[in-house]
Amino acid sequence: MFSRAVESCLNQTLDALELIIVLHRADDQAKKTADHFRQVDARVQVLRSDGSFVEAVNAGHAAAKANFVARMDSDDVAFPSRFECQLQFLETRPEIDVVSCLVKITDPDGSDPREGFAEYEQWVNSITRSEEISAQRFVESPVVNPTAMFRRSAFDEVGGYRDTEWAEDYDLYLRLLESGRKIPKVPEVLHQWTDHAARVTRTQDRYSLSNFQDAKAHFLSRIDGVRTHGVVILGAGPTGKSMAQRLRNRSTKIHAFYEVHPRRIGEHIGGVPVLDQKDFEKSEPVALGAVARRGLRAKVRGLAESAGYREGLDFFSVA
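These remarks concern the structure in this document. Please read these numbers as outputs of a predicted model, since none were measured by experiment.

Quick notes on the layout of surface pockets
Point 1. A volume near 370 Å³ is recorded for the second largest pocket.
Point 2. Taken together, 20 residues form the lining of the second largest pocket, with Gly 235, Glu 259, Val 260, Val 291 and Leu 296 sitting closest to its centre.
Point 3. At the level of elements, α12 (238-248), β9 (254-259) and α13 (294-307) are the ones that each hand at least two residues to the lining of the second largest pocket.
Point 4. Within the lining of the second largest pocket, the residues separate by chemical class into 11 nonpolar, five polar and four charged.

Considerations on the packing of aromatic side chains
Point 1. Per the counting criterion, the structure on display carries 10 aromatic pairs.
Point 2. Ring centres of Phe 155 and Tyr 161 lie 5.6 Å apart, and the angle between their planes is 65 degrees; on these two criteria the pair is classed as edge-to-face.
Point 3. Taking the relative accessible area as the measure of exposure, Tyr 161 reaches 3% and is therefore buried.
Point 4. One aromatic cluster is present, built from ring pairs that chain together Phe 117, Tyr 120, Trp 123 and Trp 193.
Point 5. Over the aromatic face of Tyr 309 sits the side chain of Lys 282, whose NZ or CZ is 4.7 Å from the ring centroid.

A closer look at the environment of Arg 48
Point 1. Mapped onto the fold, Arg 48 is located in strand β2 (residues 44-49).
Point 2. Judged by its relative accessible area of 52%, Arg 48 falls in the exposed class.
Point 3. Along the sequence, Arg 48 and Lys 31 sit 17 residues apart, while their C-alpha atoms lie 8.9 Å from each other.
Point 4. Not counting residues within four places of it along the chain, the set of residues in contact with Arg 48 comprises Leu 23, Lys 31 and Asp 35.
Point 5. Here the side chain of Arg 48 touches Asp 35 through a polar contact of 3.5 Å, side chain to side chain.

Let's talk about the nonpolar core
Within soluble globular proteins, side chains that are nonpolar generally end up buried alongside one another.
Point 1. Residues Phe 138, Leu 220, Val 231, Leu 247, Ile 254, Phe 257 and Leu 288 are the most contacted members of the largest nonpolar core, which totals 29 residues.
Point 2. Within the residue set of this core, elements represented by two or more residues are α8 (168-178), α10 (209-220), β8 (231-234), α12, β9, β11 (272-276), β12 (286-290) and β13 (315-318).
Point 3. In terms of residue count, the dominant contributor to this core is α10 (five residues).
Point 4. Setting aside chain neighbours within four positions, we find Leu 247 in contact with Ala 217, Leu 220, Ser 221, Val 231, Thr 252, Ile 254 and Leu 288.

Some points on the pairing of strand β1 (residues 19-24)
Point 1. Across six bridges, β1 lies against β2 in parallel orientation. Directly across from Ile 20, in β2, lies its bridge partner Gln 45.

Let's talk about the sheet that holds strand β5 (residues 98-106)
Point 1. Here five strands make up an open sheet; going across it, the order is β3-β6-β5-β7-β4 and the pairing mixed. Either end of the sheet is taken by a strand with one partner, and the two such strands are β3 (68-70) and β4 (77-78).
Point 2. By the bridge criterion, seven bridges tie β5 to strand β7 (residues 185-194) in an arrangement that is parallel. When the bridges of β7 are listed, Thr 106 appears paired with Thr 194.

Regarding α8
Point 1. A large share of α8 lies buried, amounting to 10 of its 11 residues.
Point 2. Every buried residue of α8 is accounted for by Glu 168, Asp 169, Tyr 170, Asp 171, Leu 172, Tyr 173, Leu 174, Arg 175, Leu 176 and Leu 177.
Point 3. Buried residues belonging to α8 abut α3 (53-63), β5, α6 (130-135), β6 (149-151), α7 (152-157) and α10.
Point 4. A positive backbone phi angle near 90 degrees is found at Gly 180, which sits one or two residues after α8.

Rules used in this analysis
Residues numbered from 1 in each chain as written. Predicted model: local features only at pLDDT ≥ 70, side-chain atom pairs only at ≥ 80, totals over all residues. Heavy atoms only, no water. 1 Å grid on protein atoms, 1.4 Å probe; cavity = no way out; pocket = protein on both sides within 12 Å on 5 of 7 lines; lining within 4 Å. Points joined across faces, edges and corners; volume = space filled by probe spheres on them. Helix = DSSP H or I, 4+ residues; strand = E, 2+ residues; numbered from the N terminus. Nonpolar A, V, L, I, M, F, W, Y, C, P; charged D, E, K, R; others polar. Phe/Tyr/Trp six-rings, centres within 6.5 Å; stacked < 30°, edge-to-face > 60°. Buried < 20%, exposed > 50% of the residue type's maximum accessible area, 1.4 Å probe, protein only. Lys NZ or Arg CZ within 6 Å of the ring centre and 35° of its normal. Contact = heavy atoms within 4.5 Å. Polar contact = N/O pair within 3.5 Å; in protein donor to acceptor, adjacent residues only side chain to side chain. Core = buried A, V, L, I, M, F, W, Y, C linked by side-chain atoms within 4.5 Å. Pairing = 2+ DSSP bridges.

Shown next, in the form of structure tokens:
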């Protein structure tokens, strides 16, 4: 798959490019393959890194000479026009700092992915405008990392990837969005992302669901309205309870839960009352729609909007 990924980059409709292959703790076969491409194509540069994965990726960015840097994974395929479409997007829209694209997720044999990833593909491809991506950034990671092309200055200004306890790519995009940078998508499928059992997101603890939830709570707690007024949580189920505890751990005030389930109304969770959703109305605290199911998420979003909340400003969906 490594060779296929490299060939997909070298066979782009955009010919004027440099391809930096970063060999991170690579075996001999990978080194031979990379050296072969370097010998036959002058656009190829090979780096070796035995440090952390984050150090390896940042080294690749640092070595790039261009003002725009595209991400790529070794087991993926960039469709022929991906780089040209993304470069044109960034060159004609100077207010944009990063551009992604739609993605096709497959198993290694090219078949459709398992159910969870099929749902993620549908969701991540459904949000293309920068406003949507910013507003829904606490549902899932709104950008498939290897689909991104960065304006180099924006990447450098936020400090690139960081070694954190949660996913380094999600951390980067949350920092970019927190700083007000725009990350839209070219509304075309331009990248094939391969899911397999050995992928680092399945084998390393930093990509666990618990650490993803910690990342969401960390960045939610830094929003001005959350710091100043705290939150109310629409949903007193497992998602709402978990997020409430993580926010408490970051000194965020939880004012109330609102719930549709009649058996929960009147209870207290960590001393916080569970109220009837019928009594929900606009107030100073930021509202969080903390439900996991997409159908319920839409209903909660409608409830918040009816009360006068604006998603991405004082209301956020959290899953």
